[in-house]
Amino acid sequence: NAALLGSFEGVIPCADCGGIKTELTLYQDIANSENNSYTLKETYLGGKTGDTTFTTTGKWDILKGTPTNKEAVIYFLNYEEPDDARYFLKQSDTSIVMLDKDQKIIASEHNYTLRRKP
């Protein structure tokens with residue numbers, strides 16, 4: 001009984017390709033957060049074999065607060081699979097930014113922001 005919370009997309013840096021087109025769709029079950037689910041579609045652009053897409057699904061939850069902002073909202077993907085955990089900080093109602101494994105902003109001039117699809 002989960003409702004669409006939002007669908008976000010952007011192109012994040014890639015070490016050995018032209019970028020990773022990242023599309024994250026979050027579904028939220030207000031009554032039971034254990035039913036929160038996501039679909040993450042990652043397309044590696046311009047690799048040796050052309051564009052390659054990987055789609056993963058799983059569960060997510062909300063973490064509250066960062067060391068610098070107690071009110072921050074972090075979408076925590078794959079909490080059941082720590083090796084595959086992913087973190088996205090809610091910047092606004094229209095954008096989220098990918099964090100590193102330590103839930104920190106990635107220090108880079110590159111763009112790690114995903115924008116809400118209309």
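Fair warning: this is a prediction, and the values are worked out from it, not measured in the lab.

Definitions and cut-offs
Residues numbered from 1 in each chain as written. Predicted model: local features only at pLDDT ≥ 70, side-chain atom pairs only at ≥ 80, totals over all residues. Heavy atoms only, no water. Phe/Tyr/Trp six-rings, centres within 6.5 Å; stacked < 30°, edge-to-face > 60°. Helix = DSSP H or I, 4+ residues; strand = E, 2+ residues; numbered from the N terminus. Buried < 20%, exposed > 50% of the residue type's maximum accessible area, 1.4 Å probe, protein only.

(A) Seen up close, the packing of aromatic side chains. Applying the stated criterion across every chain, the model contains 4 aromatic pairs. Ring geometry for Phe76 against Tyr79: centres 6.2 Å apart, planes inclined by 55°, an arrangement best described as tilted. Judged by centre distance (4.9 Å) and plane angle (15°), the ring pair of Phe76 and Tyr87 falls under stacked. Note that Phe76 is positioned in strand 5 (residues 69-77) and Tyr87 in strand 6 (residues 86-90), a separation of 11 residues in sequence. In terms of burial, Phe76 and Tyr87 fall into one category: buried. Here the aromatic residues Phe76, Tyr79 and Tyr87 are joined through ring pairs into a cluster of three or more.

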